Amino acid sequence: MAVRLRDVLLGLRELHLGNAPVIVHSSLKSFGEVEGGPLTVVNALAGVFSSVLVPTFTYKTMLTPLTGPENNAITYGSGESQNRMAEFFTPHLPADPLMGIIPETLRNHARAERSIHPIQSFAGINATNLLKAQTMLDPLGPLGALEKEGGWVVLIGVNHTVNTSIHYAEKLAGRRQFLRWALTPKGVVECPGFPGDSAGFQAIAPDMEKFTRKVQIGPANVQAVSLVMLFKIVISRIKKDPLALLCQQEDCERCGEIRRESRGD
Ligand SMILES: [Zn+2]
């Protein structure tokens, strides 16, 4: 049976987040079939929460230069073919398909606005002030602003490996950020504050378990965690263990760089 608007509205209300603003990471497929498709989910989110943010990141704009600062977890000069395919960032550039179809649908909503970072833009409904918290030096600033407003992360059919807010907590914990480059109509722009890799983030789940609210909407598992609690727990994990939440892939450049730095090589 297809999931309907009413099911999504009731399920999201069951999280009991009150009037809190949220950032949403989602998989439309996790619902099985949805009557009305992704717009139904976007309308439900906008109906239940005071403000809704989604990541509308655009990795297609990224370029790898021939040279740059050392120890930046990037192989300079290796991106010739990707560089040729890179696209200029414009406010109309679709969100990367990696984010799922819901962010792109929200971005196209009549009430949506989008921030203008060439790699890490966010779209939001009723989220003007949160979006304004983004700067080139603090690309994930909207997540810091969301925490100050008592916001929550809502994960719909996805886990913490896509929970961008963990990156903001990593930064607050003093973890290394990277420099990246993006193509814009004004030329190539330096983008500092690019976060590490998120493949190891699910390791935070046991620590978050007792603070996590869970509901089921059709076949989709939906969970919510408060940003205040998430930041606190991630920061304490990293302070205890500088290698916490890194992935286990040997060839991962960003996790490898954090390990190297921690060894002091
Ligand atoms: Zn990694």
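Bear in mind that the values here come from a model prediction, so they are computed numbers and not experimental data.

Criteria and cut-off values
- Residues numbered from 1 in each chain as written.
- Predicted model: local features only at pLDDT ≥ 70, side-chain atom pairs only at ≥ 80, totals over all residues.
- Heavy atoms only, no water.
- Helix = DSSP H or I, 4+ residues; strand = E, 2+ residues; numbered from the N terminus.
- Buried < 20%, exposed > 50% of the residue type's maximum accessible area, 1.4 Å probe, protein only.
- Contact = heavy atoms within 4.5 Å.
- Pairing = 2+ DSSP bridges.
- Axes fitted to C-alpha atoms, helices over the stretch in contact; angles between N-to-C directions.
- 1 Å grid on protein atoms, 1.4 Å probe; cavity = no way out; pocket = protein on both sides within 12 Å on 5 of 7 lines; lining within 4 Å.
- Points joined across faces, edges and corners; volume = space filled by probe spheres on them.
- Nonpolar A, V, L, I, M, F, W, Y, C, P; charged D, E, K, R; others polar.
- Donors = N, O, S within 2.8 Å, 3.2 Å for Na, K, Ca; no water.
- Tetrahedral: all angles 85-135°; square planar, octahedral: opposite > 155°, others 65-115°.
- Salt bridge = Lys/Arg side-chain N within 4 Å of Asp/Glu carboxyl O.

(A) Seen up close, the environment of S165. Mapped onto the elements, S165 comes out in helix 7 (residues 165–172). Its relative accessible area of 0% is what places S165 among the buried residues. Residues S165 and D207, 42 residues apart in the sequence, show an inter-C-alpha distance of 15 Å. Excluding its chain neighbours within four sequence positions, the residues that come into contact with S165 are I23, L143, V153, L227, L230 and F231.

(B) Up close: the sheet that holds strand 4 (residues 112–114). Strand order in this open sheet of seven strands is 4-5-2-1-6-10-9, and the pairing throughout is mixed. Two strands close off the open sheet at either side, each with one partner strand: strand 4 and strand 9 (213–217). Going across the sheet, the axis of each strand differs from the next one's by a mean of 25 degrees, ignoring polarity. Pairing of strand 1 (residues 22–26) with strand 6 (residues 152–156), which is carried by five bridges, proceeds in the parallel orientation. Within the sheet, the bridge partner assigned to H25 lies in strand 6 and is L155.

(C) Seen up close, the layout of surface pockets. Of the volumes computed, that of the largest pocket is approximately 1,000 Å³. Around the largest pocket sit 39 residues that line it, and Y59, M62, L98, F194 and R254 are the ones nearest its centre. Elements represented by at least two residues in the lining of the largest pocket include exactly strand 1, strand 3 (62–63), helix 3 (80–85), strand 7 (178–184) and helix 10 (253–263). Of the residues forming the lining of the largest pocket, the biggest block, three residues, is contributed by helix 3. A per-class count over the lining of the largest pocket returns 18 nonpolar, 16 polar and five charged. Considering only enclosed or pocket space, the second largest pocket measures out at about 220 Å³ in volume. In terms of lining, the second largest pocket is formed by F89, P91, I116, H117, P118, M136, T184, P185, K186 and V189. Taken together, the residues that form the lining of the second largest pocket break down as seven nonpolar, two polar and one charged.

(D) A look at the sheet that holds strand 8 (residues 187–194). The strand order across the open sheet formed by three strands is 3-7-8, and the pairing between neighbours is antiparallel. This sheet does not close on itself; its edge strands, each paired only once, are strand 3 and strand 8. Where strand 3 meets strand 7, two bridges bridge the pair, whose relative direction is antiparallel. Within strand 7, the position partnered with M62 by the bridge is A182.

(E) Up close: the coordination of the zinc ion. Listed as protein donors to the zinc ion are D197 (OD), C247 (SG), C252 (SG) and C255 (SG); their distances from the metal cover 2.0 to 2.3 Å. What the four donor atoms of the zinc ion show is an angle range of 101 to 114 degrees at the metal, which sorts the shape as tetrahedral. Within one chain, the residues serving as donors to the zinc ion are arranged as D-x49-C-x4-C-x2-C. Remark: C252 occurs in the loop between helix 9 (227–240) and helix 10 and D197 occurs in the loop between strand 8 and helix 8 (205–208); sequence separation between them is 55 residues. Each member of the pair D197 and C252 is classed as buried.

(F) Spotlight on the pattern of salt bridges. Enumeration over the complete set of coordinates arrives at eleven salt bridges. Here R176 makes a salt bridge to E257, at a shortest N to O gap of 3.4 Å. Taken together, the residues span a long stretch of sequence, with R176 in the loop between helix 7 and strand 7 and E257 in helix 10 at a distance of 81 residues. Take E257: its relative accessible area is 8%, and that puts it in the buried class. Across the pair R263 and D265 runs a salt bridge whose closest N-O atoms are separated by 3.0 Å. Each of the two residues, R263 as well as D265, counts as exposed. Three or more residues joined by partner-sharing salt bridges are found here, namely R176, E257, R260 and E261.

(G) Just helix 6 (residues 141–148), in detail. The buried fraction of helix 6 is high, at six of eight residues. Looking at helix 6, one finds that the buried residues are G141, P142, L143, G144, A145 and L146. Immediately downstream of helix 6, the backbone of G150 shows phi near 75 degrees, a positive value.

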